[in-house]
Structures are given as C-alpha cells and as structure tokens.
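# Structural overview for review
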Amino acid sequence: MSAIITPTFRRNAVSDFKAGVDNEANNYYIGIGKLTPWPNNPGEQGQPSVGEESSTFVEPLPQVTLNEEKDVRDELMTLVKVSTDDVRAMIPKNQWKPNRKYKRYDPTDPLTFEYEGQFFPCVSVSNDRIYLCVANGAQQVAPGLNGTPADSLRAPDYDNITFQNNGVNGNPANRVSIEDDNGYMWAYLGDLKSNSKLDNDQFVGIPDVLIDTEQNESRATAAKAATGGLIYGFKVIETSNQIPTTVDLVIEGVGEDGNALPNTDIIINGQVQSPFVVNGLAAGGSSINEIKYSGSLRAAPLGYAKATVTAYGDKNDITTKIDDVQIIPLLAPIEGFGYDVRTTTPAHFVGLYTRFAESVDGEALTTVAYRQISIIKNPQRRNDSPRYTTEDDTFSDEEGGLGESIHYDKEQALDCLNYIQFEENTGLAERTAGTIMTQLDINGAPKARGTIVHVDTGNYRIYYQQADFHSGNFLPFNSVEAITIPDLSGGSNTIEASNVLEVVESEYIHNTGEVLFVDNRKRINRNADQIEDLRIIIQF
C-alpha cells in the first residue's frame, strides 16, 4: 500500500513543535559538545587513515540510535535555553528578481512551491515582504498543459495594512498587484520580522496567524476584505472538441455561511462578458484553452468558500450539460491570502536561535574545540548547584549592535562538565583531549575511569566526561583517593589523594532531557572572545 506524508501533516508538525516551545511547562535548549576528537577516517587502498586535522576529513553521520542519544547527553559541554521569540515557522527564501518566470499558485499542483528548471516557486520575497503569484501571464496552450510564464518585470508593491496594492496611479482598490508586469499578479501575504535573528539567505520566518493578537484582528479583517474567497483564475483540465458556437459557463458558489451565492455567467459566443477572456475557441467549435481575467481582479467574484464551474450547451438550454468540459476555479481562502501564511506557503521548516557569548557566564570553556550541536528538550538542573552564573559576570555586545550586556541567568545557561579540583601548585600539564584518567582504590586497583576533555593548569582543574563504554566507566570519582593520569610519553603520573580537593559535578543532570536534533560538525575551535550565533533549521 502506497502512502505519503501530506503538506498539512508537515505544517502541523511545525505548529506542534512551536506550540511545545511556547508551552511554559517546557524548556528547549541548544547544546554544544563532543570535545574529544572524531575517530580517523579509514584510508583508501593502503593509504594512511585521515585525521580530523585534514581538510579532507569527513565527520561521521549521526546514527539515530538510543545509545547515541545517551552519548550526546553525556558529551555536552554547555546548554543555552532557546527563547520562545527565537523559534519560528520558516519557508525557503525565494528572492524576487526581474526577468524571472514564476509559477502561478495552483493548489491542485503538488509542485507549485518547487523550483523546476527555469520556473521559480510561486512564493517570493520582495522588499522584506512575502508575496504569492496568482497569475503569471501564461496561456494554457492545450488541455491540461500550462503555457510558459512570461518574465516578471516589476517587483510586487503592497500596503501591508490594508492588504491592497498601491495600484496604478495610486488606486488602492486593486486587490492584487498588476502594474504593467507582463500579466503578473501578486497577493500580499505578510512582512518579514524586523531584525530577525533567524532570517538568512536561504530561509525566512513567516508571520503568525492574524487573529493571535488584537492588533492583528484588524489586519485579519483587511486580508479577508482584500482577497477572501477570491476566484483569481481558472485551470482548464480537459475540454470537448465539440463545443457549440454558443456556450454558457456558470460558476456555482457557496458562501462562508454555507448558502448559495448568485451564479456568475461566463458567456462564450463571440461576446465575452467582461472581465473574462477566453482563448482557443475558434469559430465552428473547438477546445477551450484558457479562461482568464482581462484586467484587474477588482471585478472578480469574491466571497466564495467553494466554487464549481458547470458548462451548458446553450445559454437558453441549461439542462444540457457538457460533462467533458473540466474547468477548475482557483480560489483564495475564505479568510483571504495572508490570514494564515502557513496554508499557502511551504512552511515545512522550523528555526531556532540562541547565542553562545564567550564563556557564557562561565558555563562554557573558551579554549577547547567542540564538534556537535544538539537540541535538548527539558533537561534537568541541580537546583542546589553553586556553579558559575553571577550577576557581575556579563558579556558586553555594544559592538555587535545589541547595545547592552548579555547575562545568562541560572536557568538559561547550564554547565555540563564535571571537574576535579586540585591543590594549588599540583603539577598538572596539558593533556590531549580523549586520554583516560583513572582513580585508584586504597589497594592501588583501578576504580573510576573518565575521559579528559580539558586541563586548566591555571586553576588546577581537570574537566572530564564519562561516556565511553570501552575505555571509561560510570563509577563516580571522589576526593579521597589517588588519580592516575597518562603523560604524553606513554607513561603515567599519579596525583596523591592529599592533592585532590573536591569533585564538582555539573549543574546539568546527565542522561536527562529528550534529544530532538543532532548535527555532527568538523572541529570548531573556541577562544576567549568568541561569539557563536547558532541557528538551526529543521525540516519536517
């Protein structure tokens, strides 16, 4: 049995994800981690293996296993909470440019939002606004076949308050933008968010449903008045080759209240009723190739919740129906274009943003490299953790344009690394990340084992993780037994228990939270003044 995930399912998945973030009971974090090097790539045909320092190194793909999810949590360095304002539904950015051919929005076409050769998607961005192409100057050259769109010459231009085009000669009555644009007509959908932290060259965020706020209710009314239930065109699927010279096409419609609307006639007998133009009907009878509006859409039928085109053999004999004339009205939503941008755009993406500034108030190391970015839902924090995050430890971003200091409160940024604090002047030397230290019991036998990720020789600390089944284990370290650390020569050094002050656990409780997203990267080095704006786009 064949099946397919529908666009509605994908849009709903985006909405559900956004609703989960907006729910005050949930907390979503972006994490950075994986401080130990990736395994080398195997060499080809007897060649040496390739390490991550090589430009040809390829990082491993996530395997999406339960064990890997555990590793992601165990290997985190820092988590920073995502603000609800920094999660948005996204669409691909299709920047309007002149002399391009844009598709007409056609809800019957599964590829209406796709790029195909020289034909660009029907949704476009111009002057920080989102538009929908509802006519593109193309003629239908044969039943079921759309002709080649014309080139769009003029950028769409809309009043984002009334949802109406400024119009030729400033006439605001036009419901769509036509303005000598080679037969193109554009419907306004909404504005891009000013100073968005998520918008980029590939994706842009879309507005929320208009009834969400009192301010938007008036815009919802304007959207409905502008294009609600607008029949903006027709699609000819199949027509008879035996159409009489006099034909009356009738649009039968149902309004928002479910009641029938007055029929609208399209008379085809050489005396075409304005504002319609019919192409392809030759004298003596042939097929209808196209029905379109002759000018502005001001006179188009408006207010249809549903509509059907029926065809009759003669205007005066409406009982004779031509069954093989198939003409579909292209109908705007009854709420109007722009009311809910998700429904008329490929809103199958969600974007998340957060910022890692310098040491994140001491929650992140600044002299290490990380290799993994993740999204963790509802990680748990040790409420009694005293670590880091003070009101005095802030990051100034005046040069970055924010004009204020960044401060991460205790719930906003979570440290995820355990460390062992040693006495001053304990002889610690830098160790390669990934080496294993071992704690010895009173008889000198190995006990707890952990992976060293960083040695802070200035503060006499060793940061470690316990996430390796093969080389490490999950027994806790303590402050009353000696620790053996391998040296760079292949030997080892033992630090006596008298030099071990305390074992400090991270404020993040390991193995908590749901891993929703994992992205493996090549090594990313950090330094003391580094700022990372992390943007994640997830496709559903």
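Everything below is about the structure shown above.
A quick note: this is a predicted structure, and the numbers were derived from the prediction, not measured. (Residues numbered from 1 in each chain as written. Predicted model: local features only at pLDDT ≥ 70, side-chain atom pairs only at ≥ 80, totals over all residues. Heavy atoms only, no water.)

### Quick notes on the nonpolar core
The criterion, for reference: Put simply, buried Ala, Val, Leu, Ile, Met, Phe, Trp, Tyr and Cys residues joined by side-chain atoms within 4.5 Å make one nonpolar core. Throughout, exposure labels follow a simple rule: accessible area from a 1.4 Å probe, protein chains only, divided by the maximum for the residue type, with under 20% read as buried, over 50% as exposed, and the rest as partly exposed.
Formed by 74 residues in total, the largest nonpolar core has its most connected members in Ile30, Met77, Ile130, Leu132, Phe337, Leu352 and Ile375. One finds Ala448, Ile452, Ile485 and Ile495 within the second-largest nonpolar core, a separate group that totals 15 residues.

### Quick notes on the side chain of Glu532
Keep this limit in mind: In this description a helix means any DSSP run of H or I spanning at least four residues, a strand means any run of E spanning at least two, and both kinds are numbered starting from the N terminus. Counted as a polar contact is a pair of N or O atoms within 3.5 Å, where, for protein atoms, one must be capable of donating a hydrogen and the other of accepting one, and residues adjacent in sequence contribute only when both atoms are in side chains.
Among the structural elements, Glu532 can be located in strand β33 (residues 531–539). Overall, Glu532 belongs to the buried group, its relative accessible area being 7%. At 3.0 Å, the side chain of Glu532 forms a polar contact with the side chain of Tyr370. Here Gln530 takes part through its side chain, which lies 3.1 Å from a polar atom of the side chain of Glu532.

### Thoughts on the pairing of strand β28 (residues 461–465)
What counts here: Being paired, for any two strands, means DSSP has found at least two bridges between them.
Extensive coverage of β28 is indicated by the burial of five of its five residues. Going residue by residue along β28, you find Arg461, Tyr463 and Gln465 tucked away on one face and Ile462 and Tyr464 tucked away on the opposite face as well. Bridge count for strand β25 (residues 418–422) against β28 is four bridges, and the pairing is antiparallel. Counterpart to Asn418 in the pairing with β28 is Tyr464. When strand β27 (residues 446–456) meets β28, the two strands line up antiparallel, connected through five bridges. Directly across from Thr451, in β28, lies its bridge partner Gln465. Where β27 hands over to β28, the hairpin turn is made up of four residues, of which Tyr460 adopts a positive phi near 60°.

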